[in-house]
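Residue-level listing of the chains:
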Amino acid sequence: MGTDGVDVAAGYRFEGAVLELGALVVGGMVDSGAGIRVPLKAVSRHGLVAGATGTGKTKTLQVMAEQLSELGVPVFLADVKGDLSGMATPGVDDPKVAERAASVGQEWRPAGFPCEFFALGGVGDGIPLRATVTSFGPTLLAKVLGLTAVQESSLGLVFHFADQNGLPLLDLKDLRAVIQFLVGDEGKEQLKALGGLSKQTAGVLLRQLIAFADQGADQFFGEPEFETAELLRTTPDGRGVVSVLELPGVQDRPALFSSFLMWMLADLFNDLPEVGDLDRPKLVFFFDEAHLLFRGASKAFLESIAQTVRLIRSKGVGIFFVTQTPKDVPSEVLAQLGSRVQHALRAHTPDDAKALKATVSTYPKTDYDLGELLTSLATGEAVVTVLSDKGVPTPVAWTRLRAPRSLMAPSDPAVMRGVLDASLLTARYAQAVDRESAYEMLAGRMEKAPAPEEKPQASAVEQVLKSSAFRSMTRTVGTTLGREIARGVLNVFKRR
Ligand SMILES: Nc1ncnc2c1ncn2[C@@H]1O[C@H](COP(=O)(O)OP(=O)(O)O)[C@@H](O)[C@H]1O
Ligand SMILES: [Mg+2]
């Protein structure tokens, strides 16, 4: 095998549908006839796009997402910097783009893609994404909050108590209200009966929940809950819908970002059937600025990400992490990623040098001097290795990437408004609904509760249980049993 390119190019001829990444560079010259590509089949074996800021990671993501949509595969993009909203708008033909396209053998035509714009809890331009506290469940919430094992099991007891007593946990104030009830005078007996939840731990939980709400989680928890199946849609003309999650300012709220994404993956995992190795993925996620997912996350949370990544593959879902260096990704996750597109790395500081060395050591054997190559790649070039159609790693290939056909900048606000106005999802999700749930039920009970001497036999919870509001709630929210079973399935992430 040599860097002369013949063997390398041969390693990129596959059976079946592919995503064209670009063309091989041989001794600094692009060989427009030597296409470098990923088999569509390999996309559900996950991947990594890495490189320093400004080296072309997001454009690589865009090039892949465009072709997936065109092949009828729905895509989800986490748009941290706002530039991915450009997917909705046809790109601009300028001499640079024309030169790049010609050099890599790409017939470039401008194109916009069928986008939906989402926003976490309605912060930013998009259809608000929300989830209920109950569907989040205590396990995931504990991981997000970085709780200890004892605190986690205490939180589990709070959920159990709420389920048993028909107190729906829809938003964070519901959860806070139930904890407050349990540690208050009226909840004394129930707290004792629960066993295992100390007042002190309850106090910690309350403080953690308040801090979490301050990160913006308050707007995110509630109804109507987002149906993750919406992400799996194609358009009438057979293109995959591109769901773009707009995340302005998420740098300051990484816990919210990562918890929401984990919820979404867990929910999909729950709902999708086991399919084994498909010829084409059902959905592909691109997590741009993925270091935000892992930054400051607890060990338990990192483990559950690794497990999710491993397990969701068999459901036909592919995940691509896009970040500065492979070091940003925990090694258990890194080991699950079949394809790698590595853009230029810096080597200014001793830390950079260490990261570079670590990166080089993870590549298969190659004739390239990777340490040299990785620090000298031009913008929009990368070192690529993917899984072949037979599932084996391809030769390492110095690649010049194709140019995106959609806009390499944010879409105009008017374009985004148009997309939102035309969306069928707006009617379903735009308006938050605050149904009567634990908070209102407990607050109402405290106001209306008769003095103890008048009605000493009924406990506060019994009164809630008997209320007509509660009875109508059990009909709409579903049975306690159903909810506990659903959570049991989500707990698969904990057990494995
Ligand atoms: N594949 C590409 N085609 C055309 N231009 C590119 C490509 N990759 C990078 N560029 C140019 O480099 C700039 C930075 O790329 P970008 O993907 O935003 O970097 P990163 O995400 O790594 O910070 C883009 O705005 C664009 O001008
Ligand atoms: Mg970027």
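The shown structure was predicted, so the numbers you read here are calculated from the model rather than taken from an experiment.

(A) Expanded view of helix 15 (residues 413–422). Of the residues making up helix 15, those classed as buried are Met 416, Val 419 and Leu 420. Taken down its axis, helix 15 places every buried residue within 95° of arc, on the same side. Turned more than 90 degrees away from the buried face of helix 15 sit Ala 414, Asp 421 and Ala 422, all of them exposed. Where helix 15 is buried, its residues meet strand 5 (115–120), strand 6 (127–129), strand 7 (242–246) and helix 16 (425–429). Backbone nitrogen of Ala 414 and a side-chain oxygen of the N-cap are separated by 3.0 Å at the start of helix 15; the cap is Asp 412.

(B) Layout of the site of ligand 1. Neighbouring residues of ligand 1: 16 residues in total, closest Gly 54, Lys 57, Thr 58, Lys 59 and Arg 402. The side chain of Thr 58 places a nitrogen or oxygen atom 2.8 Å from an oxygen atom of ligand 1. For ligand 1, whose free accessible area comes to 560 Å², the fraction covered by protein is 78%. Of all the elements, helix 2 (residues 57–70) adds the most residues to the shell around ligand 1, at three residues. A per-class count over the shell around ligand 1 returns five nonpolar, seven polar and four charged.

(C) Just the nonpolar core, in detail. Ranked by size, the top nonpolar core spans 145 residues in total, and within it Phe 285, Phe 287 and Phe 321 carry the most contacts. Here this core gets 10 residues from one element, more than from any other, and that element is helix 9 (residues 254–271). Mapping this core onto the domain boundaries places at least three of its residues in each of domain 1 (6–114 + 239–411) and domain 2 (133–222 + 431–495). With sequence-adjacent residues up to four places away left out, Phe 321 is seen in contact with Gly 47, Leu 48, Val 49, Phe 287, Ala 290, Leu 293, Phe 294, Val 309, Val 333 and Leu 337.

(D) Broad picture of the packing of helix 5 (residues 149–164) against helix 8 (residues 199–220). Packing of helix 5 against helix 8 brings their axes to within 10 Å, and their N-to-C directions diverge by 85°. By the criterion of interaxial angle, the relationship of helix 5 to helix 8 is roughly perpendicular. In this structure, helix 5 contributes Gln 151, Ser 154 and Leu 155 to the contact, and helix 8 contributes Thr 201, Val 204 and Leu 205. Its residues assigned to classes, the contact of helix 5 with helix 8 comprises three nonpolar, three polar and no charged.

(E) Focus on the pairing of strand 4 (residues 75–79). With five of five residues buried, strand 4 lies mostly within the body of the structure. Residues Val 75, Leu 77 and Asp 79 point to one face of strand 4 and Phe 76 and Ala 78 to the other, with burial holding for every one of them. Across five bridges, strand 4 lies against strand 7 in parallel orientation. By the bridge assignment for strand 7, Asp 79 is matched with Glu 246. Of the strand pairs in this sheet, strand 4 and strand 8 (residues 283–287) are connected by four bridges, and their pairing is parallel.

(F) Molecular detail of the packing of helix 4 (residues 133–145) against helix 8. Where helix 4 meets helix 8, the closest approach of the two axes is 12 Å, and the angle between their N-to-C directions is 110°. The angle between helix 4 and helix 8 falls in the class roughly perpendicular. Crossing handedness for the pair helix 4 and helix 8: right-handed. Residue-level inspection shows Phe 136, Leu 141, Val 144 and Leu 145 of helix 4 in contact with helix 8, the latter providing Gln 208, Leu 209, Phe 212 and Phe 220. Looking at side-chain class alone, the contact of helix 4 with helix 8 contains seven nonpolar, one polar and no charged residues.

(G) Just the environment of Ala 430, in detail. As for its position among the elements, Ala 430 is in the loop between helix 16 and helix 17 (438–448). Along the primary structure Ala 430 and Pro 224 are separated by 206 residues, whereas in three dimensions their C-alpha atoms are 8.7 Å apart. Contact partners of Ala 430, with chain neighbours within four places excluded, come to Pro 128, Arg 130 and Leu 425.

(H) Structural context of helix 9. The terminal C-alpha atoms of helix 9 lie 26 Å apart, and with 18 residues this matches the ideal 26 Å at 1.5 Å per residue to within 8%. Burial within helix 9 is extensive, with 15 of its 18 residues counted as buried.

(I) Molecular detail of the sheet that holds strand 4. Taken in spatial order, the 12 strands of this open sheet run 2-1-12-11-10-3-9-8-4-7-5-6, and their pairing is mixed. Strands at the two margins of the open sheet, each flanked by one partner only, are strand 2 (29–39) and strand 6. On average, adjacent strands in this sheet sit at an angle of 30° to one another, irrespective of strand direction. Of the pairings in the sheet, the one linking strand 5 to strand 7 comprises five bridges and is parallel in character. Within strand 7, the position partnered with Cys 115 by the bridge is Val 242.

About the criteria used
- Residues numbered from 1 in each chain as written.
- Chains lettered and ligands numbered in written order.
- Predicted model: local features only at pLDDT ≥ 70, side-chain atom pairs only at ≥ 80, totals over all residues.
- Heavy atoms only, no water.
- Buried < 20%, exposed > 50% of the residue type's maximum accessible area, 1.4 Å probe, protein only.
- Helix = DSSP H or I, 4+ residues; strand = E, 2+ residues; numbered from the N terminus.
- Arc of directions from axis to C-beta.
- Contact = heavy atoms within 4.5 Å.
- Polar contact = N/O pair within 3.5 Å; in protein donor to acceptor, adjacent residues only side chain to side chain.
- Near = heavy atom within 4 Å.
- Areas by Shrake-Rupley, 256 points an atom, 1.4 Å probe, with all protein chains shown as cover.
- Nonpolar A, V, L, I, M, F, W, Y, C, P; charged D, E, K, R; others polar.
- Core = buried A, V, L, I, M, F, W, Y, C linked by side-chain atoms within 4.5 Å.
- Domains from an automatic or database assignment.
- Axes fitted to C-alpha atoms, helices over the stretch in contact; angles between N-to-C directions.
- Parallel < 35°, antiparallel > 145°, perpendicular 65-115°, else oblique.
- Pairing = 2+ DSSP bridges.
- Left-handed = near helix turned anticlockwise from the far one by under 90°.
- Expected span 1.5 Å × (residues − 1).

Remember, this is a structural readout, not a statement about activity or role.
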